[in-house]
Structure formats: structure tokens, C-alpha cells
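Chain by chain, the residues run as shown.
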Amino acid sequence: MPKTEVLIVGGGVTGAGIARDLALRGTSVMLLEKEDFSTGATGRSHGMLHSGGRYAVKDPESAMDCAREGVILKRIASYCIEDTGGLFIGIEDDDPTYVDRFLRGCAETGVQAKEITTKEALSLEPRLSSRVSSSVEVLDASIDPFALTLGNVEDARDCGAEILNYRVVQRFLVQEGRIQEVIFENLRNGSRESVRPEVVVNASGAWVDNVASLAGLRIPMSIDKGTLVVFNGRLVNRLINRLRMPSDGDIIVPSHSASIVGTTSDRVDSVEDFVVDRSDVDLLISEGQSMVPDLRHARAIRAYAGVRPLLGGRKEGRDISRTYRVIDHEEEGIDNLVSIVGGKLTTYRLMAEKTSDLIMCKLGSAGHCITASEPISNPMAAKTVRDLLAFPLIRMNRKYGDEQTDIIAGCTSSLRGKEILCTCEEVLRGEAEYFCSREDVMRLSDVMRRTRIGMGYCQAGLCIFDMASVMMEHSNQEPLDLIGHYLRERWKGVEPVLFGSQLRQEVFKRYLYDGVYHLESLLGGEAR
Amino acid sequence: MKDHLIETSGCIKCGACINECPVIATEGVQRFSGPRNLGVDAPRFLPDIGATVDNIMMCTTCWRCEEVCPANLPVPEAILHVRRQIFSAPNMLHGHRRIAENIDKYRRSVEPRNTHDQVSPRGKGEVMYFPGCIGKERIPSIYESSVGVLGKVGTDLWIPEGWVCCGAPLEKIGDWDRLRMLREENMTRFEGRGEIVTSCPGCTSHLIAHYNLEPLHTLEFLYEDIGMSRLRFKPNERTIRVALHHPCHLVRTIGPHVIDYAYSILNEIPGVKLVEMEDPGACCGGGGGVVAGYPDIALNLATEKMRKAREVGAELLLAPCPFCVLNLGRLDSLEIMEFISFVNERLE
Ligand SMILES: Cc1cc2nc3c(=O)[nH]c(=O)nc-3n(C[C@H](O)[C@H](O)[C@H](O)COP(=O)(O)OP(=O)(O)OC[C@H]3O[C@@H](n4cnc5c(N)ncnc54)[C@H](O)[C@@H]3O)c2cc1C
Ligand code: SF4
Ligand code: SF4
């Protein structure tokens, strides 16, 4: 039976961060993720690298962590961060005393903040409402959670870690107060496998309680659902936050080709509750409009929801601290299980550091953390590649960090590699080919998370068939299954925003899929 | 000004614009990424938009993509808007820099060659004629014929002293500082203008969109204000096979009615045998700053056009646009003439 020093459950940013941290310290690591990387809260987040401003008044501890980590991440993960800066803006009817409390909170927590005039704010962001009454500049940035997680995964692998997706941890074999064996299912072939770890890390986000229960333990969690709406185009170029006590629809994040408005906060019972309520969409659009009125005319592309793994307690949603806790289950009778709970994407590195420190202690090994200074990958400036237009090159530079050299080579090595498969997101066939040939990639959505293919305004309307055909060169799966699965996922996000241009888009797609390709009958009425 | 990000966000990816784009047809998508990419997709990535610089100047602004778009999105305008956003004087294409230099030196988009004015009405008439750079400096026969025709039909004409380039070429290359400067200079010279007539669809559209004026192309003026009954043509024994090119800016930015006027006039001219070429509205390559920026693309499109005209046995190709005549005239496979110049030849 294979062995490993550390077995990590969960391939969100926290698990991937721990894997990289430990691997850099020379530890042998295995990570198991039940779906693809970033399919949990990580990939459903807002993609905001918090300056700390949002927590400066209510949650000083988180604010301090965010302020410090933001600076570090901009240094070590610059390839997946757009250092846009951010603004907090108050609107005429908002509580006018909040700005002073905000500035005081920022000063006390080390969050850099500078009040500017409304005129200055409007010249920085011309689409802001003319009803802006106060503005503060902060150091927020836009971060791509998929690229961040994958960067950690690839780096950990380079240091020898074994990182596997589509592996569901199902059972812990507990004897003498220790987890002796971890049993998991390999979803690729349905087989059951096991591994003997010295230490197990439960980094399963909202599922921590479920995973802990495999060892007979409980971790009280509060499950809080947040909804977001994606709009076409960069309506703003900085992160825009509402300058008021944190509430719904406060933040607009520019991300690649889109602007994402969020979030809401509702307590839910199930960690798998990703259903988007139309009323949440309406609320977000109307709150977003009070900051950026042009949202009224902008095209909503899709909506999505994620659940936040928050430390339990009697408080509700936004009142629960965004800090994290590293739990050593030794006191509860399991010597070699550690859980990491709560936190933010912004603070994932710090959480990984603290968790890894404890693990090193348990292993009795030396080796200290170097993730605060070691860049995840060394992005190179987009080189002039004579064969490619500048646009896809710049996009690759923003998406892939270190890996781009190989990907670009793949794109230029054949005429077909240069073909644009997804025009919304400027993704070339060579990019899709590169990832489809990788072990990690099983479904079409896996290619999407890695390349952004299909994420644009037509929601894979045209590229889906090309995507499937590239996939078929590397897989023996049934193409209609791949397509059906992917379309159902996309539909969940599109259905809540079926109005205006997106409605027209779906009507056209319906014509194409049913009228031209007869997909509906091929898929047995499931394609929508 | 229009909000181009939002105006073009209704794209449903039907691909009609890509099928119709003449530059894609001759150059391929590997060289020219096309209307949807440049007018709809790229502007969404605001900070990266500068990357379009390697091919955005290849669009001839033929307006075909907008015409076929089922959502009627203003794609060419969006492309021009991107050109404006990414304009940087040091990075101008060589040919575009020449345009800017000519403007600075001569207040014309091209170097003046027509030094001796043969016809120069200096009256303070009721109708102001705006000659335009190409017609005045490059193909002076256009200027002379236009003044000639307008004189023959009895129009009381004046030409504004010290007129400068209207600025249309600067809009195409994204240079808005110079564009504004020219507009101001012209506006003071247009004082007391009355009705305005121009020979060039480019000038006409530009004066409408950027000066808020209501100029008429010479064809519109002849047909609408003068009327067919006042055009008397010379008798002619020999028949000549004539094809008519539909200039992009004439039919798609001024309006499709103007080309109907041209047909009506041709039908009245003795000895003219009209032959209709395939897709007479296909772009000749003369617009959008492409002749200056990418002469090879302009030539490829012109070659296509000439081939189509020759295919139907035309002996003469007429185009009611100085830019088209200039670009098509670079090939000598067929005689090409500006429309009004031909009218002038045949008018009593
Ligand atoms: C709507 C929303 C918006 C947010 N916005 C931001 C933001 O803008 N900025 C920010 O800093 N933070 C944000 N957050 C918080 C941030 O997303 C999370 O704190 C962070 O992503 C948590 O990462 P994680 O790896 O701990 O959890 P997850 O990403 O959920 O990862 C846990 C993984 O464990 C896997 N797993 C579960 N059970 C098993 C099993 N039995 N076997 C194997 N694998 C298993 C799951 O599939 C999952 O992939 C947001 C959260 C939400 C919900
Ligand atoms: S205006 Fe003409 S050349 Fe330009 S993109 Fe549209 S169709 Fe192509
Ligand atoms: S024709 Fe219009 S709707 Fe169709 S792809 Fe082009 S821009 Fe989009």
C-alpha cells in the first residue's frame, strides 16, 4: 500500500497552498480532491484580493491578515493578479459617519487607505454614479482563483508532491487514536484505493464537518451562501466597494473580460446548495446600479453561488469573523488529524503556513516556511512570437505564468494550434490541446477552468463542439456525455439571467443546437 | 459620445459579420482578426485592448459588418473608437504618420500637387462646395468636373477660402487631437455657408457625424435639388459598357438611395450600356486608412473589384468616390473614372 507523510483532503486554494508549502519544506505530500481543483468555494468566490478595508471596522483581525497577505501575494503570485487598486465609495443616502469609522479602522489595522475627492474618483472611474458622496482609495486587486490554485498545484508537483483530482475520500480507518489508512474512490475508473499517511489534513472547506465525521468527530460550521452576477466587459477598472457596513451587493470586481457584482449572504443547510434565486439577482443588479448606473444597460452573462465555510457559532452570516482556525484533533482523541477552517482566499497562504507549521511539529521534522518569499511561478513578459497575434499572447501571459512557454510552443507548432476556439475569451486550440492531454482533465469544465474557454458572453455557444473534439483526441469518453454534462452546468448559471441580450443569445443557441445539430434529441431532452 | 462597450454587447455570435468582412475574405483570420474580435470581443478586456494594435488598422471601415449584423451593432464605430483609445503618436504606422505630417504642413491629408487652379469660383453663392483633399490635390479632374457640372446646371457656387481637410482620415487613424483642430478651423471658414455640397462620401459622412452639418453628396444635389429634367446629355453613337461600383461610405453611411440616383442618371446618358458586376457593393479597399497603412491589403481588394468588373465585360468602371478612384486607379487593368467626371464629359 502506498505511503505518504501528509495526506491532504481538499483541492481548493487552501489544500493546494498547504501542499505547496509542505512540498517546499521537503515533506512527502499527497492531495486528494473529489472533483476538479477549485470547484468548491475557491472557484465560486468573487476573486477579490482584499486590501482589508472590508473588515477594517467589524473584523480587525481579518483586516490585518488581509493587509499583510495582500502585499505578499502581489509579490509571489503576480501572474494571476491584476493589481487594479480599489475604491470604497459612499452614496448620498449612505450613513455619512461611516467614512470616519472606516478610516480609523484602516489606520488601526494597517490597511492603507486614502480619502480622495468625488471629482478624483470620477476621473479614475468615469462610470461611477454622480451620487457618490465620499471616496477612499485602497490596495484591493483582482485575483484569478483558478490560476492561483493551479499555480500552487503545479509548484507542489515540481517539488515531488502527488496531487490528484477526481478522488473522493470515503473512509478513514482509525485504530489506536490514529488514522491508519485513508480509503478513496478514483472517479476515473470507479476503483477503490487507499494510502497510509502519517498525518491527515482536512482542508475540505465547507465539507470539513463531513470529512471530520469520517473520524467520528464534529466541527460545527455555519454554511453561508453567497450569490454573484457576471456582467460582460470591464465596466470599471478598479474594485469598487460600497463604503458602508458590509451588506449585500457591495462589491464590483473587474476580472478578465467581465465585471462581477456580489455578494449576498444567506444561511443555508446544505453545502451543495448552489441554486441561484432570481430575487438575489435582482437585488445585486439594483445595488450594483447605485454604484455604477451603466449596469442597467450592461449584459448579464450568468449568475453563480458559492457557500462560505465559516466557523460556527450563534452569529449570522456577515457577523461571523472571516478569520481561520487550525484545529489539532489530538485533544479529541485523533492524534494525526488536523483541520483548517474558515478564512479567505486572500489569507490562504497564511492559513497554509500555520497549518503546515503544526504538521511539521507532528512529524517531528525541521524545515521552515518559505512561501512568503518564493514566487509561485516566474511569469515572463509576453514575448513577441511572430506567428501569433498580440492579443492571445497577452491573454496567455495573464493566465498561465510559467507554463505559458510550453503552451505557446504548442499553439505555434501547427496551423491548427493557432485557430481561435473561443472567441469571447480569445482561447486558441493549442491551449485546449495542452490541457486536454493532461492527466488532470476529465471533463469539459476542467478545460474551462484552466483556459477560460466557454466563460464568455455566449457561454460556450460556439466553442463547445470544438472543445469536445479536442477532448476526444485524448479521451475515450462518450462525446455526447461530455457535452450534455457541460451544457447542464452552464445552463444553471444562465437561467437566472435570461433577459435582454442573454435571452436572445439562448434563443440563437437553441436554434443552433436543436435546429442545426439536433442535439436535443441526441441528448434525450437534457441539453436545455 | 456612444458607449461602445455597451452598444456592442448584444452580440450573439452568429458570425454573419465574419462571413461578410472583405478583409477576412482576402487576408484570412490569422492576419486580420475581424469585426467581432476588434469591435465586440477585445474592448471588453480594457487594459489589454492595446494588443489589438497589430491588426486593428486593417479594417477598411466598409460598414458591411454592421449592415449584416442581426443585432444591428455599431461594430465599425466601435473599431474606430478602439483606434482612438489606443492612439499613440510614436507608434503610428508609417503611412499614417505621413497623413499627420501632411496635415501639419499643408492642412491636407495628402501632399498638394494641383498648384495651378484652373477653375476657382470665388463668389458668395447660395451653395458652398467643399472640394476635399483627394479630389483637389490628387485627382484634380474630380474637382474641376464637379465645379464644371455644378456650373453647367446653373448653381451659384462658392468655395470657402482657406478650407482645410475635413478630418475624416484622422478619425480613421484615431488621431482626435488633430481632428478637433481641423474642425475648428473649418467651422470659422464655413461662416455663411448655405447649402453644402461635396464630391466625397468620406467628407459628407464626416461633416454629418462630426460637424453636425447636413451636406449633400454631388449625386444627391444633382438628383434632389437640380432634378433629372435639367440634365441634358450629348448624343453619342458609340456604346460603351459601363459598370458602377457602390462605394461603401456612399451606400452604407450616407444611404442606399444615393446609388439609385447614380443609376437613374446613367440610364439617361446616351451610349451607356450598363453592365452589373457581381456584388457591386463589395469594398474596393480604399477606405479606413488602409491604403496608407497596409497598401498590400488595399491592392488585394482592388484587384478583386477590377476582376469582377472585367468579368462582365465592362470597359469603364465608375465610382462616385475619390478614394475608390484613387485606390482602384493604382491598377491599370480597366479604365476607372469618378462618376461626376464622367457626367461632366457627357453633359451638354
Ligand atoms: C460567494 C463567495 C465569495 C467569496 N469571495 C471571496 C473573495 O472575493 N476574496 C476572498 O479572499 N475570499 C472570498 N471567499 C472566501 C474563499 O472563497 C474561501 O475562503 C476559500 O476559497 C476557501 O478555500 P478552501 O480550499 O478552504 O475551500 P474549497 O475551495 O471549498 O475547497 C475544499 C475542497 O474540498 C473538496 N472536498 C470536500 N470533501 C471531499 C472529500 N471527501 N474528498 C476529497 N475532496 C473533498 C471539495 O470538492 C473542495 O474542492 C468567498 C467565498 C464565497 C462563498
Ligand atoms: S467595417 Fe468592413 S473591413 Fe471593417 S471589420 Fe467591418 S466588414 Fe471588416
Ligand atoms: S453579426 Fe453581429 S451578432 Fe453576429 S457575430 Fe457579428 S457582431 Fe455578433
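Residues numbered from 1 in each chain as written. Chains lettered and ligands numbered in written order. Predicted model: local features only at pLDDT ≥ 70, side-chain atom pairs only at ≥ 80, totals over all residues. Heavy atoms only, no water.

Q: It is not clear to me how unusual backbone geometry should be interpreted in this structure. Could you clarify?
A: In terms of backbone geometry, most residues other than glycine have negative phi values and most peptide bonds are trans. A cis geometry characterises the amide bond from A:Gly262 onward to A:Thr263, with omega recorded as -15 degrees. With respect to the helices and strands, the residue A:Thr263 is situated in the loop between strand E16 (258–262) and strand E17 (266–267). Although it is not a glycine, A:Tyr166 sits at a positive phi angle of roughly 55 degrees. With respect to the helices, strands and loops of the structure, A:Tyr166 is situated in the loop between strand E9 (162–164) and strand E10 (167–175). Even without being a glycine, B:Arg107 presents a positive backbone phi close to 60 degrees. By secondary structure assignment, the location of B:Arg107 is in the loop between helix H7 (94–106) and strand E1 (127–130). Overall, B:Arg107 belongs to the partly exposed group, its relative accessible area being 22%. (Helix = DSSP H or I, 4+ residues; strand = E, 2+ residues; numbered from the N terminus. Buried < 20%, exposed > 50% of the residue type's maximum accessible area, 1.4 Å probe, protein only.)

Q: Is there a simple way to think about the pairing of strand E18 (residues 300–311) of chain A in this case?
A: Looking along a regular strand, one sees the side chains alternate between the two faces of the sheet. All names here are of chain A. Burial analysis of E18 places 12 of its 12 residues in the buried class, the great majority of the element. Relative to E18, strand E13 (residues 221–232) runs antiparallel, the two being bridged by 11 bridges. Paired with Val-229 across the two strands is Ala-303, which belongs to E18. (Pairing = 2+ DSSP bridges.)

Q: Mind showing me how you'd approach the domain arrangement of chain B here?
A: Residues and elements named next belong to chain B. Domain assignment breaks chain B into domain 1 (16–86), domain 2 (127–226) and domain 3 (231–346). Look at where the C-alpha atoms of domain 1 and domain 2 centre, and you get two points 28 Å apart. Between domain 1 and domain 2, the contact holds five residues from the first and six residues from the second. For the pair domain 1 and domain 2, the two sides together bury roughly 510 Å², of which 55% comes from carbon and sulfur. In terms of surface lost to domain 2, no three residues of domain 1 exceed Leu-80, Arg-83 and Arg-84, which account for 79% of the buried area on that side. The interface formed by domain 1 and domain 2 holds zero salt bridges in total. Of the residues belonging to the side of domain 1 that touches domain 2, the class tally is two nonpolar, one polar and two charged. (Domains from an automatic or database assignment. Contact = heavy atoms within 4.5 Å. Buried area = accessible area lost by both parts, 1.4 Å probe. Salt bridge = Lys/Arg side-chain N within 4 Å of Asp/Glu carboxyl O. Nonpolar A, V, L, I, M, F, W, Y, C, P; charged D, E, K, R; others polar.)

Q: What's the story with the site of ligand 2 in this structure? I'm lost.
A: Around ligand 2, a shell composed of B:Cys21, B:Pro22, B:Val23, B:Pro35, B:Cys59, B:Thr60, B:Thr61, B:Cys62, B:Trp63, B:Arg64, B:Cys65 and B:Ile79 is seen. For the shell around ligand 2, the secondary-structure elements that each account for two or more residues are helix H3 (22–27) and helix H5 (64–68) of chain B. (Near = heavy atom within 4 Å.)

Q: Please clarify how the site of ligand 3 should be interpreted in this entry.
A: Around ligand 3 sit B:Cys11, B:Ile12, B:Lys13, B:Cys14, B:Gly15, B:Ala16, B:Cys17, B:Arg36, B:Cys69, B:Pro70 and B:Leu73, and those are all the residues in its vicinity. Within the shell around ligand 3, the residues separate by chemical class into eight nonpolar, one polar and two charged.

Q: Is there a simple way to think about a nonpolar patch on the surface in this case?
A: All names here are of chain A. A contiguous nonpolar surface patch, about 310 Å² in accessible area, is contributed by Tyr-511, Val-516 and Tyr-517. Along the polypeptide, Val-516 turns up in helix H15 (residues 500–516). Overall, Val-516 belongs to the partly exposed group, its relative accessible area being 42%. (Patch = residues over 30% accessible without salt bridge, like charges linked within 9 Å, V, L, I, M, F, W, Y side chains within 5 Å. Areas by Shrake-Rupley, 256 points an atom, 1.4 Å probe, with all protein chains shown as cover.)

Q: It is not clear to me how the environment of B:Asn344 should be interpreted in this structure. Could you clarify?
A: Residue and element names in this part refer to chain B. Considering the arrangement of structural elements, one finds Asn-344 in helix H19 (residues 339–346). Among the residues examined, Asn-344 registers a relative accessible area of 18% and is labelled buried. Along the backbone, Asn-344 and Ile-142 are 202 residues apart, and their C-alpha atoms lie at a distance of 9.6 Å. Ignoring anything within four residues of it in the chain, the contact list for Asn-344 reads Ser-145, Gly-148, Val-149 and Lys-152.

Q: Would you explain the interface of chain A and chain B in this entry?
A: Many descriptions give the size of an interface as the accessible area lost when the pieces come together. Each side of the interface is counted separately: chain A has 34 residues, and chain B has 29 residues. Of all residues in chain A, A:Leu389, A:Phe391 and A:Tyr457 give up the largest surface area on contact with chain B, accounting jointly for 25% of the area buried on that side. Here chain A and chain B share four salt bridges between them. B:Arg44 serves as the salt-bridge partner of A:Glu425, at 3.3 Å between the closest nitrogen and oxygen. At the surface where chain A touches chain B, the tally comes to 16 residue pairs in polar contact (both at pLDDT 80 or more). When residues of the side of chain A that touches chain B are traced back to their parent elements, those giving at least two are helix H9 (390–400) and H15 of chain A. Examining the composition of the side of chain A that touches chain B, we find that five residues originate from one element, H9(A), more than from any other. Of the residues assigned to the side of chain A that touches chain B, the class counts are 12 nonpolar, 10 polar and 12 charged. (Polar contact = N/O pair within 3.5 Å; in protein donor to acceptor, adjacent residues only side chain to side chain.)

Q: Is there a simple way to think about H9(A) in this case?
A: The α-helix winds at 3.6 residues per turn, so residues separated by three or four positions along the chain end up facing the same way. All names here are of chain A. Of all 11 residues in H9, eight are buried, a share of seventy percent or more. By the burial criterion, the buried members of H9 are Phe-391, Pro-392, Leu-393, Arg-395, Met-396, Asn-397, Lys-399 and Tyr-400. Among the structural elements, helix H5 (145–158), helix H10 (404–412), strand E22 (427–428), helix H11 (429–436) and helix H12 (444–451) are those in contact with the buried residues of H9. Gly-401 sits one or two residues past H9 and shows a positive phi near 50 degrees.

Q: Please clarify how the nonpolar core should be interpreted in this entry.
A: Note on soluble globular proteins: their nonpolar side chains tend to be buried together. Counting residues in hydrophobic clusters, the biggest one holds 73 residues, and the most contacted among them are A:Met396, A:Leu444, A:Ile453, A:Ile464 and B:Phe32. A per-element tally of this core places helix H13 (residues 463–472) of chain A first, with six residues. When residues no more than four places from it in sequence are discounted, the contact partners of A:Ile453 are A:Leu421, A:Cys422, A:Val427, A:Val447, A:Met448, A:Cys463, A:Met467 and A:Tyr486. (Core = buried A, V, L, I, M, F, W, Y, C linked by side-chain atoms within 4.5 Å.)

Q: Where do I start with the domain arrangement of chain A in this structure?
A: Residues and elements named next belong to chain A. Here chain A is partitioned into domain 1 (3–41 + 146–221 + 322–363), domain 2 (80–141 + 224–310) and domain 3 (390–523). In this assembly, 16 residues from domain 2 lie in contact with 18 residues from domain 3. Together domain 2 and domain 3 conceal approximately 1,400 Å² of surface at their shared face, both sides included; 51% is due to carbon and sulfur atoms. In terms of surface lost to domain 3, no three residues of domain 2 exceed His-256, Arg-299 and Arg-302, which account for 44% of the buried area on that side. Across the domain 2-domain 3 interface, the total number found is one salt bridge.

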